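These are the residues of each chain, in order.
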Number of protein chains: 2
Amino acid sequence: MTTGIAPDIALPRSHSAKRLCIIEAAARVFCREGFAGANIDLIAAEAGVSRQTVYNHHGDKEKLFVAVVQDISDRTNAAIFETLSTFPDRPDDLEADLVEFAVRLNRNCVCNSEGRFLRKLLQAESDRYPELFSGWCDQGPAKIWAALGARFARLAHAGLIEIDEPDMVARQFLALINADLQMLLQMGRQPSEEQQRQSAQNAVRMFLRAYGKRP
Amino acid sequence: MTTGIAPDIALPRSHSAKRLCIIEAAARVFCREGFAGANIDLIAAEAGVSRQTVYNHHGDKEKLFVAVVQDISDRTNAAIFETLSTFPDRPDDLEADLVEFAVRLNRNCVCNSEGRFLRKLLQAESDRYPELFSGWCDQGPAKIWAALGARFARLAHAGLIEIDEPDMVARQFLALINADLQMLLQMGRQPSEEQQRQSAQNAVRMFLRAYGKRP
DNA sequence: ATATTTTTGGACATTCTTGTCTAAATTGTC
DNA sequence: GACAATTTAGACAAGAATGTCCAAAAATAT
């Protein structure tokens, strides 16, 4: 967690380290308290940094907020697409492989702290900063539906499932894998591994009952 | 919308009328701004009432907030169970009837302003007031899953569908009817009638593909 | 019409927060 | 070890919001 990376340009080491610390702490506090309720003194304390340093780095509460959302958005998008790349294109056991994929999706993108943060802030502040979040929306969810839809289309082409509208099927798949978790997620709680797996299993079973190849 | 009801006890008319006005205005403002960001002057102005009157009625910003959540929770629960009572127990055309039911659910419970309010505040403030929202959770969602599950079980008993775990199936149904709307709902936007219907239709079609009786 | 209750508008003290400034201390570099 | 940059702690001004108090005005009931 220190640095250890190539010193491309002579970055003041602890400078950028503190920058990250601040972003992380700010993310936690914004997530807990919302934009209006977040207190810069608290952010500074939680980052282990003086208040002035926060202002030195980010200038402004609003700028800090935007930086935090940007950062988390990017990280979440990366996680989504990385997980997407593990889709079982040539499944051994379609049901089991889809369950594992769904579990990964839940764990790495939906139920982790970044996912929770984004969901919460999206709902709380997307009215106030429409461009900020709709940007994420176009690059994240909109693309993931298309990408996941394409994967399902390929499965259909391989004769493993039968579907008509891949994008819609992708949305249904995503909705289903959270069906059992919705209330927990909405209350900002972290579902257990076991709950995540159970939810994924139930989802895939129904999914294949609807779209699986019939004998 | 005035009074018109039997004057059981000699209620000062505009007294309780103003009480309602304040609750409604506070709901709007809390929903827009969150608890911390909500401004009592603004609530008073939006209710068409002086600030002092707000304090006379509810004493405290926190008490006001609790009263608002209680009020909206009760109304939403009532709407849910009323809609639930229109479930097609003896369907004429199962698919069409389920679609209509899903549309009603979306319109009266999920996509309306109370639904939006509750979703937003649940996510924003359920950490700070756990008892307040978990109370609603036990009386609302938990019961609706059971109740809707029982309806599906009856359909299964009548030989119209084939299911194993009614409660889980109920959760899947509810998740599916919002699959296409999730992003809009999460951003606090109001999906159009057409979008709501489309989403319901897609959901029911998949639902019956999975659980409908096969010839 | 009168008496009672509620509402109003505004002044007010208090607290909290943001954002700036400055001098001292710490850190890292040469 | 000396020098430069960053960080720190604390003071500070300005503004905003909560909640209280009060006297005048309005509405309600008798």
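Our subject in this report is the structure included herewith. (Residues numbered from 1 in each chain as written. Chains lettered and ligands numbered in written order. Predicted model: local features only at pLDDT ≥ 70, side-chain atom pairs only at ≥ 80, totals over all residues. Heavy atoms only, no water.)

All right, on to the interface of chain A and chain B then. On the chain B side, the residues contacting the 40 residues of chain A number 40 residues. Contact between chain A and chain B buries roughly 3,900 Å² in total, counting both sides, with carbon and sulfur atoms accounting for 54%. Our count for the contact surface shared by chain A and chain B stands at 6 salt bridges. Put simply, Glu33 of chain B and Arg128 of chain A hold a salt bridge, and the shortest N to O gap is 3.3 Å. Our enumeration of links across chain A and chain B arrives at 20 residue pairs in polar contact (both at pLDDT 80 or more). Per element, the largest residue contribution to the side of chain A that touches chain B is 7 residues, and it comes from helix H11 (residues 193-211) of chain A. Of the residues belonging to the side of chain A that touches chain B, the class tally is 20 nonpolar, 8 polar and 12 charged. (Contact = heavy atoms within 4.5 Å. Buried area = accessible area lost by both parts, 1.4 Å probe. Salt bridge = Lys/Arg side-chain N within 4 Å of Asp/Glu carboxyl O. Polar contact = N/O pair within 3.5 Å; in protein donor to acceptor, adjacent residues only side chain to side chain. Helix = DSSP H or I, 4+ residues; strand = E, 2+ residues; numbered from the N terminus. Nonpolar A, V, L, I, M, F, W, Y, C, P; charged D, E, K, R; others polar.)

Looking now at empty space enclosed by the protein. To find leftover empty space, a probe the size of one water molecule is rolled over the atoms. Inspection of every chain in the model, using the stated rule, returns 2 cavities of 30 Å³ or more. The space that makes up the largest cavity amounts to roughly 1,200 Å³. Forming the walls of the largest cavity are 46 residues, and the residues nearest its centre are Gln182 and Gln186 of chain A together with Arg119, Gln182 and Gln186 of chain B. Considered class by class, the residues forming the lining of the largest cavity number 30 nonpolar, 12 polar and 4 charged. Considering only enclosed or pocket space, the second largest cavity measures out at about 200 Å³ in volume. As for the second largest cavity, its lining consists of 26 residues, of which Gly34, Ala124 and Glu125 of chain A together with Gly34 and Ala124 of chain B are closest to the centre. Breaking the lining of the second largest cavity down by element, the ones donating at least two residues are helix H1 (13-37) and helix H6 (113-125) of chain A together with helix H1 (13-37) and helix H6 (113-125) of chain B. (1 Å grid on protein atoms, 1.4 Å probe; cavity = no way out; pocket = protein on both sides within 12 Å on 5 of 7 lines; lining within 4 Å. Points joined across faces, edges and corners; volume = space filled by probe spheres on them.)

A few words now on the side chain of Glu125 of chain A. Tracing the backbone through its elements, the reader meets Glu125 of chain A in helix H6. With residues near it in sequence (within four places) discarded, Glu125 of chain A still touches Gly34, Phe35, Phe65 and Phe133 of chain A.

Glancing now at helix H3 (residues 51-58) of chain A. Residue and element names in this part refer to chain A. Those residues of H3 that fall on the buried side of the exposure criterion are Thr53, Val54, His57 and His58. For H3, the arc enclosing every buried residue in end-on projection is 105°, short of the 170-degree limit, so these residues lie on one face. Projecting away from the buried face of H3 at angles above 90 degrees are the exposed residues Gln52 and Asn56. Following H3 by one or two positions, Gly59 has its phi on the positive side, about 75°. (Buried < 20%, exposed > 50% of the residue type's maximum accessible area, 1.4 Å probe, protein only. Arc of directions from axis to C-beta.)

Of all residues adjacent to DNA strand D, which total 18 residues, the nearest are Ser50, Arg51 and Thr53 of chain A together with Gln52 and Tyr55 of chain B. Counting only the atoms of DNA strand D that lie within 4 Å of the protein, the sugar and phosphate share comes to 69%. Contact between DNA strand D and Arg51 of chain B: a base oxygen at 3.3 Å from a side-chain N or O atom of the residue. Between a phosphate oxygen of DNA strand D and a main-chain N or O atom of Lys61 of chain B, the distance comes to 3.3 Å. Counting only elements with at least two residues in the surface near DNA strand D, the list comes to H1 and H3 of chain A together with helix H3 (51-58) of chain B. For the surface near DNA strand D, the leading source of residues is H3 of chain A, giving 4 residues. Class assignment of the residues belonging to the surface near DNA strand D gives a composition of 4 nonpolar, 8 polar and 6 charged. (Near = heavy atom within 4 Å.)

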